[in-house]
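# Descriptive structure summary
Residues per chain, in single letters:
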Amino acid sequence: MAKYRKSGSTTVAAAQALPLVAIVGRPNVGKSTLFNRLTGSRRSIVGDEPGITRDRIYGEYDWAGRQFRIVDTGGIVPDDPELIPTEIYAQAKVALKEADALILVIDARTELASPDYDLVKLLIRGGKPVFLAVNKVEGDAMAAEAENFRSLGLRNVYPISSEHGLGIGDLLDAINAAIPAPLETAEQAETKAVQTAQAEADLQAEEDEIYEGGPNSPDPEGAGSFPAQDLEEHSPSAQLHRGHGEFEQHETSIAIIGRPNVGKSTLLNALTGTTRAIVSPIAGTTRDAVDEVVEFEGAQFRFVDTAGIRRKGKTHLMAEKLSVIMARRHLEAADVALLVLDATEGVTGADATIGGYAHESGRSVIIVVNKWDAVTTGRTDGKPPADREIFETQLRRVLKYLHYAPVIFLSALEGTIPTAANPAQKGPDHKAMARLLHEVKAVAAERRKRVSTGQMNRFLERVDFQRATVPMAKRIRIFYMTQAAVAPPTFILFTDRDIKLHFSFERFLENQIREAFGFEGTPIWFKVRARNTAKKD
């Protein structure tokens, strides 16, 4: 069996051009395990509880030299009257409509029931090629029993084990043969050759800049008596690498975080102009992280709707615990975090804790006060409308460590598109969503901003450090300062003493840097390199 490789990120147009394979089936048959196996990731939460997956989860995989998109869907129960199963079915139907081929996953250890036959009829009616994957087959005896599932009326039957990776190669070979590869025109071949040559030239230029210094060589002025080795180690040219975001990124990742039921999924739907995520009044509806790409003014944003983060004592089911862990991981992998608050409940201690996660991980932060209409124009409790300035003052007092984060007031529900279930919605509120997208674009740019060493030295000459309210025992003298990294902006201070920066001094220096250079929406990190430490080394 060939090795699965998780594909790199692709553009929106390129992703849409790839053939799409949908994984469908009843709850708890192993769909998410198969999805994770193919994508080489742990995107979908896997557990013994039925109904863990709810939204559509997209990924990519390579097979036989071709690239495919794949979508994991929630367990389909067409006739279930409950709200969540109905919404899961609606999400799955979107995947069925989009897909070029379908993988119907069946648990080999369960007996066939009428819902299985109903599901097969539904899939065949769509006219797409359907491949029956009889999952959880380990051993020859189980493989023989898998033949009994041909009674469903499907010719393409493949015994597999998603957990152990058995039999999946034959299934993928059949899918590859069923979806014809597009013929490449002469114009497309020429365009591809030009793009490849340009990419190689850009990569070579980047490598030359990394290893030969390029235009970002350090300014030796103000270096004081520090050894040349120390200056080279902390110079901007020595720190130029992709992990620090120095090079242009084709995509910005934005994690939508917050407590359960504050409107994160509604906000994702409003930003993408779709019904991408399931929305319900039930707290904890979202479990897997749902992502969608939006192109805005030449920039590409990947919004990730995460599960509501709550305290350990508030999570009981294993799926809930895993969803919180995955939400934290997606936050740490993002560039920008949208911290969503519920205007009707104000700022809570849980909001402060979640905001602390984003701040400590170095993510840029935008605070989104959602459901603002419920406390202003749409207020029904007879109280006067809320005042924006008073609310923001209270917010800043509780979230004082996020003083750099811009605040946006909006109603995500008013920004969503009308649906058949709710045709009375007010329709797209383009102004609120466009304002948020503009802010995301600006904050992402500030996060990757670089200040030259010469600018930093001239900045230090202008700062009156006597104004900093710091005890004399904690005062230090800065000889030299350079920006060592971006995303988040990180500055190296060469000082006269080997002591930790006093909180007041660090806040004073941070405020002075923000006043001079901006860095709105992003935390600023400092590292101290003392002269006596340099001599010892």
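The shown structure was predicted, so the numbers you read here are calculated from the model rather than taken from an experiment.

This part takes up the sheet that holds strand 13 (residues 478-485). Strand order in the open sheet made by the three strands is 13-14-15, with mixed pairing throughout. Each having just a single partner strand, strand 13 and strand 15 (525-530) make up the two edges of the open sheet. Strand-to-strand, the axes of this sheet are offset by a mean angle of 25°, without reference to chain direction. Bridge count between strand 13 and strand 14 (residues 490-495): six bridges; the pairing is antiparallel. Across the sheet, Y480 pairs through a bridge with F494, a residue of strand 14.

What follows is about the pattern of salt bridges. For the structure on display, the rule yields 15 salt bridges. The partner of D342 in a salt bridge is K371, and the shortest N-O contact between them spans 3.1 Å. Of this pair, D342 sits in strand 10 (residues 336-342) while K371 sits in the loop between strand 11 (364-370) and helix 12 (388-398), and the two are 29 residues apart along the sequence. Taking the shortest distance from any N to any O, the salt bridge between D381 and R379 comes out at 3.0 Å. By relative accessible area, which is 46% here, D381 ends up partly exposed. By relative accessible area, R379 is classed as partly exposed at 26%.

Core analysis: the biggest nonpolar cluster contains 52 residues, and I175, L267, F303, L338 and L436 have the highest contact counts within it. If you tally residues by element for this core, the top one is helix 14 (residues 430-447), at seven residues. Once residues within four sequence positions are removed from consideration, I175 is found in contact with V21, Y61, A101, I103 and F131. A343, A358, V375 and A405 belong to the second-largest nonpolar core, a separate cluster that totals 27 residues.

What follows is about the confidence of the model for the chain. Chain-level pLDDT for the chain is 79 on average; 72% of the residues reach the 70-or-more range. With pLDDT under 50 throughout, residues 1-9 is counted as low confidence; its partners more than four residues away or in other chains account for 24 contacts.

Moving on: the side chain of N176. Following the sequence through the fold, N176 ends up in helix 6 (residues 168-178). Look at N176 and you get buried, because its relative accessible area is 18%. Within the structure, the side chain of N176 is placed 2.8 Å from the side chain of R66, a separation counted as a polar contact. With near-sequence residues (within four places) excluded, N176 lies in contact with W63, A64, R66 and F68.

Relative to the helices and strands, T376 is located in the loop between strand 11 and helix 12. Look past the residues within four positions of T376 in its chain and what remains in contact with it is P385 and A386.

Turning to the packing of aromatic side chains, a few remarks are in order. Within this structure, the stated rule accounts for 12 aromatic pairs. Centre to centre, the rings of Y61 and F68 are 5.2 Å apart; their planes meet at 10°, and the pair counts as stacked. Residues Y61 and F68 agree in their burial class; the two are buried. With a centroid separation of 5.6 Å and 20° between ring planes, the pair formed by F465 and F505 is classed as stacked. With a gap of 40 residues between them, F465 in the loop between helix 15 (453-462) and strand 13 and F505 in helix 16 (residues 503-517) connect regions that are remote in the sequence. We note that F465, like F505, is buried. Following the ring pairs from residue to residue traces out a cluster consisting of W372, F391 and F409. K449 extends its terminal NZ or CZ atom over the ring of F519, reaching a point 5.4 Å from the ring centre.

Taking burial as the measure, the seven residues of strand 11 include seven buried ones, the bulk of the element. Of the two faces of strand 11, the one carrying S364, I366, V368 and N370 and the one carrying V365, I367 and V369 are both buried. Looking at chain direction, strand 10 and strand 11 are connected through seven bridges and run parallel. Directly across from D342, in strand 11, lies its bridge partner N370. Regarding topology, helix 11 (residues 349-360) serves as the crossover connection from strand 10 to the parallel strand 11, and that connection is right-handed. Both strand 11 and strand 12 (residues 407-409) contribute to a ladder of three bridges, which runs parallel. The partner of I367 across the bridge, within strand 12, is V407. Running through helix 12, the crossover from strand 11 to the neighbouring parallel element strand 12 is right-handed.

With respect to the element layout, G65 can be found in the loop between strand 2 (57-63) and strand 3 (66-72). In this structure G65 comes out as exposed when scored by relative accessible area, which is 86%. As for G65 and N176, which are separated by 111 residues in sequence, their C-alpha atoms are 10.0 Å apart.

Glycine aside, negative phi is the norm for most residues, and most peptide bonds take the trans geometry. That bond from A487 to P488 is cis: its omega, 0°, falls within 30 degrees of zero. On the secondary structure map, P488 appears in the loop between strand 13 and strand 14. In this structure, N261 takes a positive phi of about 65° despite not being glycine. Relative to the helices and strands, N261 is located in the loop between strand 7 (252-258) and helix 9 (264-272). Note on N261: relative accessible area 36%, which makes it partly exposed.

Of all seven residues in strand 7, seven are buried, a share of seventy percent or more. Here five bridges tie strand 7 to strand 9 (residues 299-305), and the two strands are oriented parallel to one another. Its bridge partner being in strand 9, T252 is matched across the sheet by F301.

How each quantity is defined
- Residues numbered from 1 in each chain as written.
- Predicted model: local features only at pLDDT ≥ 70, side-chain atom pairs only at ≥ 80, totals over all residues.
- Heavy atoms only, no water.
- Pairing = 2+ DSSP bridges.
- Helix = DSSP H or I, 4+ residues; strand = E, 2+ residues; numbered from the N terminus.
- Axes fitted to C-alpha atoms, helices over the stretch in contact; angles between N-to-C directions.
- Salt bridge = Lys/Arg side-chain N within 4 Å of Asp/Glu carboxyl O.
- Buried < 20%, exposed > 50% of the residue type's maximum accessible area, 1.4 Å probe, protein only.
- Core = buried A, V, L, I, M, F, W, Y, C linked by side-chain atoms within 4.5 Å.
- Contact = heavy atoms within 4.5 Å.
- pLDDT = per-residue confidence, 0-100.
- Polar contact = N/O pair within 3.5 Å; in protein donor to acceptor, adjacent residues only side chain to side chain.
- Phe/Tyr/Trp six-rings, centres within 6.5 Å; stacked < 30°, edge-to-face > 60°.
- Lys NZ or Arg CZ within 6 Å of the ring centre and 35° of its normal.
- Right-handed = clockwise from strand over helix to strand, strands pointing away.

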